[in-house]
Amino acid sequence: YESAIACNEEWLAIARDLGERHAEAKALQNLGNAHQRLGDLQAALVYRTRHLELAREIQDRHGICDAIGNLGCVYKDLGDYVTALHHLESYLLLVREIKHRRGEGVAFSNLGQVHQALGDSHRAIECFEEYRVISRECEDPLGEGLASYHAANTLFTLGQKQEAIRQAEYALAVLEAIG
C-alpha cells in the first residue's frame, strides 16, 4: 500500500497539473483506499472527504456515490456509527438511483455491521439477508458467504444458536467452495 500511495500521489500531482479533474478524483479515491487499508483512518477520512468535494464539484454521480459509501466505511471503522449510518443510508439511495445492484449488496453489508454495532441486531440480520439475496442474484458467492457469516454472528449474540450454526455452516460451505 505504501507503493500505491506513492504512485497515486504522483498521479494526483500530474492530474492537477493537467487540469484533469476526473483523474484527480480517482487518485483521491485510491489514496483513501490505500490509507484505509493501512489503518490510517484519519488520512483516509481526509482523502475520502476531498474525493466527495471534487466529485460534487465536477458533478460525477458515480464518484459522489462511491465517495459517500467510502466515507461511511471510514466512519464505521472509526467507531462513529451514527455518522456511518447517515452516509451508508445515503449511499444505498444513490446506488438504487443508478441501478447498481452489487453496490446495494455492499451497502446492506455495511449497514448490517453498523446496526449490529449500534445494538439493533434484528435490523442487522435484515440487512445481512438483503446482502445475501443480492449476492446470490449477482452471482457473488463471496458476498453470499460473508452475508451468512455476519448473520451467524448476529444470531449468536441474540441467543439463536441453532440458526446461528445453520448460517455459519452455510457460510463455511460457500466459502470453502470458492477457496
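Please read these numbers as outputs of a predicted model, since none were measured by experiment.

Rules and cut-offs
Residues numbered from 1 in each chain as written. Predicted model: local features only at pLDDT ≥ 70, side-chain atom pairs only at ≥ 80, totals over all residues. Heavy atoms only, no water. Core = buried A, V, L, I, M, F, W, Y, C linked by side-chain atoms within 4.5 Å. Buried < 20%, exposed > 50% of the residue type's maximum accessible area, 1.4 Å probe, protein only. Helix = DSSP H or I, 4+ residues; strand = E, 2+ residues; numbered from the N terminus. Contact = heavy atoms within 4.5 Å. Polar contact = N/O pair within 3.5 Å; in protein donor to acceptor, adjacent residues only side chain to side chain. Expected span 1.5 Å × (residues − 1). Disulfide = S-S within 2.5 Å. Axes fitted to C-alpha atoms, helices over the stretch in contact; angles between N-to-C directions. Parallel < 35°, antiparallel > 145°, perpendicular 65-115°, else oblique. Left-handed = near helix turned anticlockwise from the far one by under 90°. Nonpolar A, V, L, I, M, F, W, Y, C, P; charged D, E, K, R; others polar. 1 Å grid on protein atoms, 1.4 Å probe; cavity = no way out; pocket = protein on both sides within 12 Å on 5 of 7 lines; lining within 4 Å. Points joined across faces, edges and corners; volume = space filled by probe spheres on them.

Q: If you had to explain the nonpolar core to someone new, which residues and values would you point to?
A: Buried together is how nonpolar side chains tend to be arranged in soluble globular proteins. Counting 27 residues, the largest nonpolar core has L52, I64, I68, Y91, L92, F108 and L111 as the members making the most contacts within it. Sorting the residues of this core by element identifies α3 (41-57), α4 (61-78), α5 (81-97), α6 (101-117) and α7 (121-137) as the ones contributing at least two each. The residues contacting F108, other than those within four sequence positions of it, are L92, R96, R123, C127, E130, Y131 and I134. With 9 residues, the next largest nonpolar core counts I5, A27, Y47 and L54 among its residues.

Q: Explain the side chain of S148 to me, using residue names and the numbers behind them.
A: On the secondary structure map, S148 appears in helix α8 (residues 141-157). Within the structure, the side chain of S148 is placed 3.3 Å from the side chain of Q167, a separation counted as a polar contact. The contacts of S148, once residues within four sequence positions are left out, are R132, Q167, Y170 and A171.

Q: Report on helix α2 (residues 21-38), specifying residues and quantitative values.
A: Since there are 3.6 residues in each turn of an α-helix, residues three or four apart along the chain are aligned in direction. In a regular helix each residue adds 1.5 Å, so 18 residues correspond to 26 Å; α2 covers 26 Å between its end C-alpha atoms and thus fits that length. Among all positions of α2, only E24, A25, A27, L28, Q29, N30, L31, G32, A34, H35 and Q36 are buried. Where α2 is buried, its residues meet α1 (2-18), α3 and α4. Following α2 by one or two positions, G39 has its phi on the positive side, about 85 degrees.

Q: Could you give an account of the state of the cysteines, naming the residues involved and the relevant values?
A: This structure, assessed with the given rule, holds 0 disulfides. Between C65, a cysteine without a disulfide, and C73, which holds the nearest cysteine sulfur, the sulfur-to-sulfur distance is 11 Å.

Q: Outline the packing of α8 against helix α9 (residues 161-177), supporting the account with residue identities and numerical values.
A: Where α8 meets α9, the closest approach of the two axes is 8 Å, and the angle between their N-to-C directions is 160 degrees. Viewed along their axes, α8 and α9 adopt a mutual orientation that is roughly antiparallel. For the pair α8 and α9, the crossing hand works out as left-handed. Seen from α8, the contacting residues are P141, L142, E144, G145, L146, S148, Y149, A151, A152, L155 and F156; seen from α9, they are K161, E163, A164, Q167, A168, Y170, A171, V174 and L175. Per-class residue counts for the contact of α8 with α9 are 14 nonpolar, 3 polar and 3 charged.

Q: Which residues make up the layout of surface pockets, and what values do they have?
A: Approximately 450 Å³ is the volume found for the largest pocket. Around the largest pocket, the lining is made up of 17 residues, and of these N33, R37, R48, N70 and C73 lie nearest the centre. At the level of elements, α2, α4 and α6 are the ones that each hand at least two residues to the lining of the largest pocket. Element by element, the count of residues in the lining of the largest pocket is highest for α4, at 6 residues. Here the residues of the lining of the largest pocket are counted per class, giving 3 nonpolar, 8 polar and 6 charged.

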